[in-house]
Amino acid sequence: MVFADGAVYRGDFEKNGRHGKGLYRNSVGIPIFDGPWSSDEPGTGAADVLYSSGHRYKGHVQSGAREGEGTLWHDSLDGSNLIYTGQWKADEFHGDGELHCPDGLYRGQFVNGVREGEGRFEYSRDTSSYYQGQWKEDQPHGIGTCVDQHGEYADREFEEGELSRRYFSRSRSVFKVKHTLPAMSVKVEPGPQGLPRSSVIGGLLGEAKSCTS
C-alpha cells in the first residue's frame, strides 16, 4: 500500500484495513512501526517503533502503547543512548526495570513512571557510591543503606532523599576513615521527561483511505 505522501505499508490486511503483521515506512523510507495491526491501527504484540522525537522502542505493545517487557533508547548524531529496559504499563515504567540517567543507574521497582518500592541507585559521580533501599515518588524514601566516600550507613531512614535524624540503627565505615556524621543527601535527579506517548504514533501512520494504490 502506497500513501499519497509516498509512505508505504507492507503487510497483512483485513476488510481493506491494516490487520495482522506489517511494516510502515514514511515518505523517505524510514521504518516507523513494524509490528501488529488491528483495524488499521497499531495492535497488540511485539513491535519496533520509531518516534518523531528520535526515541526508539523494541518490545511488547498493547494497542500501540508500551506494555509488558521492552527497551527504550534515543538515537542522535552522537549515537544511541539507552534510557530504560524492563516492564511497562500504558507507556510508563511500571514493574521491575533498569533506568539509565545522567547522574547514575537505577535498578529496581517502578510505579506509573517513577521509582517506587525497592531499588538500588549507583551514582555516576563516584563508582563506589550507591543507595539501596526504599523509594517513593522518584526519590529515596524509607529505610535504606547508603555508601559514599566516607563509608557505609546501613539501615537508615531517608525522607525525600535526605537523611532523617529521627532514626538510627547502625553504621560502620567500610573504608576505615574517621569522620563525623555528615548531613547526608542521597537525592537523585528527576527521571526522563517528555517521553513519547502512543497517541503520537497514529498521526505518523496515515489512514488506509488515503492510499493511492
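Criteria and thresholds
Residues numbered from 1 in each chain as written. Predicted model: local features only at pLDDT ≥ 70, side-chain atom pairs only at ≥ 80, totals over all residues. Heavy atoms only, no water. Helix = DSSP H or I, 4+ residues; strand = E, 2+ residues; numbered from the N terminus. Contact = heavy atoms within 4.5 Å. Phe/Tyr/Trp six-rings, centres within 6.5 Å; stacked < 30°, edge-to-face > 60°. Buried < 20%, exposed > 50% of the residue type's maximum accessible area, 1.4 Å probe, protein only. Polar contact = N/O pair within 3.5 Å; in protein donor to acceptor, adjacent residues only side chain to side chain.

1. Focus on the environment of Phe110
Reasoning step 1: As for its position among the elements, Phe110 is in strand 10 (residues 104–111).
Reasoning step 2: If we skip the residues at most four places from it in the chain, Phe110 touches Tyr84, Phe93, His94, Gly95, Gly97, Glu98, Leu99, Arg115 and Glu116.

2. Looking at the packing of aromatic side chains
For any pair of aromatic rings, the description consists of the separation of the ring centres together with the inter-plane angle of the planes.
Reasoning step 1: Under the definition given, this model contains 16 aromatic pairs.
Reasoning step 2: Here the aromatic rings of Phe3 and Tyr24 are separated by 5.5 Å at their centres, their planes lie at 70°, and the arrangement is edge-to-face. One end of the pair, Phe3, is in the segment before strand 1 (8–14); the other, Tyr24, is in strand 2 (residues 17–25), and 21 residues separate them in sequence. In terms of burial, Phe3 and Tyr24 fall into one category: buried.
Reasoning step 3: For the ring pair Tyr9 and Phe13, a centre distance of 5.2 Å and an interplane angle of 85° mean the geometry is edge-to-face.
Reasoning step 4: The class of Phe13 is partly exposed, set by a relative accessible area of 39%.
Reasoning step 5: Every member of this aromatic cluster is reached through a ring pair, and the members are Tyr57, Tyr84, Trp88, Phe93, Tyr106, Phe110, Phe121, Tyr123, Tyr131, Trp135 and Phe158.

3. Here's the deal with the side chain of Thr145
Reasoning step 1: With respect to the secondary-structure elements, Thr145 resides in strand 13 (residues 139–148).
Reasoning step 2: Overall, the relative accessible area of 15% leaves Thr145 in the buried class.
Reasoning step 3: At 3.4 Å, the side chain of Thr145 forms a polar contact with the backbone nitrogen of Asp155.
Reasoning step 4: Thr145 has contacts with Tyr130, Tyr131, Gln132, Glu152, Tyr153, Ala154 and Asp155, leaving out every residue within four places of it along the chain.

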